Amino acid sequence: MKIISALFLLLILSLPALAVEPDEMLKDPALEARARAITHNLRCLVCQGEAVDESQAPLAADLRKLVRERLLAGDSEKTIETYLRARYGDYVLMTPPFSPTTGLLWAAPLVVLLLGTGIAFFFIRRAGKEG
Amino acid sequence: MAHKAALMPLACFAVLAGVFAMALLREHNPAILPSALIGKPAPALELPAALKGSKGLTPEALTGGITAVNIFASWCVTCVGEQPTLMQMKKDGVTVLGIAYKDSRENIALWLQKHGNPFSAVGLDEKGRAAIDWGVYGVPETYFIDAEGIVRHKHIGALSMQDYTAKLKPLLEEMRK
């Protein structure tokens, strides 16, 4: 029983493997947390489905370093994001920003929900009348 | 009315199938991303010379005429295939500039000796930082810049002779106007 609980403890203490190398990390934990937050939402351009934060690709490592250098130099999240978007486009962000071209994408769930509710109402009311 | 409602699932299916067919049949390679730099001024060039006794890259390198900025590496296998195309472009009056991505001076010199050197200047981007400035995500990539210093086109992957004659030559003609 003790062995099982020890193993269980080990299991819950273990963390998912991360791509960030120890020598990439910043000494200041607050700044490192900001860097992680930024790279978490950056798309790795080489391995497209992955975030820069999770990717082993050399370009992702370069981007992680770049974000940290910029933060150390005192740049804000906004400045870093603007810099990368100017070079790699909106595609570099894991969450697409709201713009006229992505408007439909963002509005689609709401439109479908309203449409579905409308159709449901129509059928329910008709069924009510018939019954 | 009742049989009309029965056709609804079929209609929904037809619409969905149509959407998927359109997406599947469209000629689209997800590995090729459009460049955000098109229509914008080219990023500043500021790189040390990759070859002994030749020029590095400076912002002045982009002024006047049509320039192609080619990001390559001696370790890049597909890059070999585009050297003849770059040579032809040089013959056709395009200034070809090179950015050697994460490379060493010795290897670049040997590689250019072996495969031909179309570049009027080659800059060394040892850490790959300049490439990020250009929005590069894999070598080789080639940017075409007009006389005003505006990025007009980006080609991702090795430039084949076929790509050059079919797609790029007409574009270069247009850029010359």
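Use the structure listed above.
Being a predicted model, the structure only gives us computed values, none of them experimental. (Residues numbered from 1 in each chain as written. Chains lettered and ligands numbered in written order. Predicted model: local features only at pLDDT ≥ 70, side-chain atom pairs only at ≥ 80, totals over all residues. Heavy atoms only, no water.)

### Considerations on the overall build of chain B
Then, number 1: Secondary structure assignment for chain B yields six helices and five strands.
Then, number 2: Along chain B, from the amino end to the carboxyl end, the secondary structure elements read α-α-β-α-β-α-β-α-β-β-α.
Then, number 3: The globule rule puts the C-alpha radius of gyration for 177 residues at 16 Å, and the 22 Å found for chain B is more than 25% above it.
Then, number 4: Dimensions along the principal axes, computed over C-alpha positions, put chain B at roughly 85 × 35 × 30 Å.
Then, number 5: When burial is assessed residue by residue, chain B has 41% of its 177 residues classed as buried.
Then, number 6: Nonlocal contacts in chain B, meaning residues at least 24 apart in sequence, comprise 72% of its contacts between residues at least 6 apart. (Helix = DSSP H or I, 4+ residues; strand = E, 2+ residues; numbered from the N terminus. Rg over C-alpha atoms; globule rule 2.2 N^0.38 Å. Buried < 20%, exposed > 50% of the residue type's maximum accessible area, 1.4 Å probe, protein only. Contact = heavy atoms within 4.5 Å.)

### Observations concerning the pairing of strand E5 (residues 151–156) of chain B
All names here are of chain B.
Then, number 1: Of the pairings in the sheet, the one linking strand E4 (residues 141–145) to E5 comprises five bridges and is antiparallel in character. For Thr-142, the partnering residue across the bridge sits in E5 and is His-155.
Then, number 2: In textbook terms, the turn of a hairpin is the stretch between consecutive antiparallel strands, and for E4 and E5 this stretch comprises five residues, one of which, Gly-149, has a positive phi near 85°. (Pairing = 2+ DSSP bridges.)

### Here we look at the environment of Ile108(B)
Residues and elements named next belong to chain B.
Then, number 1: With respect to the secondary-structure elements, Ile-108 resides in helix H4 (residues 105–115).
Then, number 2: On the accessibility criterion, Ile-108 (0% relative accessible area) is buried.
Then, number 3: Sequence separation between Ile-108 and Gln-162 is 54 residues; the distance between their C-alpha atoms is 26 Å.
Then, number 4: When neighbours within four sequence positions are excluded, Ile-108 is seen to be in contact with Ala-50, Leu-51, Phe-72, Ser-74, Ala-100, Asp-103 and Leu-124.

### With respect to helix H3 (residues 83–91) of chain B
Residue and element names in this part refer to chain B.
Then, number 1: Listed in full, the buried residues belonging to H3 are Gln-83, Thr-85, Leu-86 and Met-89. The buried residues of H3 occupy an angular sector of 160° when the element is viewed end-on, so they sit on one face.
Then, number 2: Contacts made by the buried residues of H3 are with strand E1 (67–72), strand E2 (95–101), H4, E4 and helix H6 (161–176). (Arc of directions from axis to C-beta.)

### Quick look at the sheet that holds strand E3 (residues 121–125) of chain B
Residues and elements named next belong to chain B.
Then, number 1: As summarised here, the arrangement of the five strands in space is E3-E2-E1-E4-E5, forming an open sheet in which the pairing is mixed. One side of each edge strand has no neighbouring strand; the edge strands of this open sheet are E3 and E5. Ignoring which end each strand starts from, the neighbouring axes of this sheet average 20° apart.
Then, number 2: Relative to E4, E1 is paired through five bridges, and the arrangement is antiparallel. Each bridged residue has a counterpart across the sheet, and for Thr-67 the counterpart in E4 is Ile-145.
Then, number 3: On top of the sheet, H3 reaches E1, E2 and E4; it is set at about 145° to E2, its chief contact.
Then, number 4: In the packing of H6 onto the sheet, contacts are made with E4 and E5, and the angle to E5 comes to roughly 170°. (Axes fitted to C-alpha atoms, helices over the stretch in contact; angles between N-to-C directions.)

### Remarks on the packing of helix H3 (residues 58–72) of chain A against helix H4 (residues 77–88) of chain A
Residues and elements named next belong to chain A.
Then, number 1: Two elements in contact, H3 and H4, have axes whose closest approach is 10 Å; the angle formed by their N-to-C orientations is 145°. Judged by the sense of rotation from one axis to the other, the crossing of H3 with H4 is right-handed. Counting all contacts with H3, which are made through Leu-59, Leu-63, Leu-66, Val-67, Arg-70 and Leu-71, the residues of H4 involved are Ile-80, Tyr-83, Leu-84 and Tyr-88.
Then, number 2: Classifying every residue of the contact of H3 with H4 gives nine nonpolar, no polar and one charged. (Left-handed = near helix turned anticlockwise from the far one by under 90°. Nonpolar A, V, L, I, M, F, W, Y, C, P; charged D, E, K, R; others polar.)

### Side note on the packing of aromatic side chains
Here the distance between the centres and the angle between the planes together describe a pair of aromatic rings.
Then, number 1: Under the definition given, this model contains five aromatic pairs over all chains.
Then, number 2: Where Phe72(B) meets Phe119(B), the ring centres are 4.9 Å apart and the plane angle is 15°; that geometry is what we call stacked. Note that Phe72(B) is positioned in strand E1 and Phe119(B) in the loop between H4 and E3, a separation of 47 residues in sequence. Each of the two residues, Phe72(B) as well as Phe119(B), counts as buried.
Then, number 3: Residues Trp134(B) and Tyr143(B) carry aromatic rings whose centres are separated by 5.1 Å and whose planes lie at 55° to one another, so their mutual orientation is tilted.
Then, number 4: You can call Trp134(B) buried: its relative accessible area is 1%.
Then, number 5: On the basis of relative accessible area, Tyr143(B) is assigned to the buried category, the value being 0%.
Then, number 6: What links up through ring pairs into an aromatic cluster is the set Phe72(B), Trp111(B) and Phe119(B).
Then, number 7: Against the face of Tyr91(A) rests Arg43(A), its NZ or CZ located 4.4 Å from the ring centre.
Then, number 8: One Lys or Arg, Arg70(A), reaches over the ring of Tyr83(A) and ends 4.2 Å from the middle of that ring. (Phe/Tyr/Trp six-rings, centres within 6.5 Å; stacked < 30°, edge-to-face > 60°. Lys NZ or Arg CZ within 6 Å of the ring centre and 35° of its normal.)

### Points about the state of the cysteines
Residues and elements named next belong to chain A.
Then, number 1: Throughout the structure, instances matching the rule amount to two disulfides over all chains.
Then, number 2: Here Cys-44 engages in a disulfide with Cys-47; their sulfurs sit 2.3 Å apart. Classification of the bridge connecting Cys-44 and Cys-47 rests on its S-S torsion, roughly 95°, and on that basis the disulfide is right-handed.
Then, number 3: Cys-44 gets classed as buried once you look at its relative accessible area, which sits at 1%. (Disulfide = S-S within 2.5 Å.)

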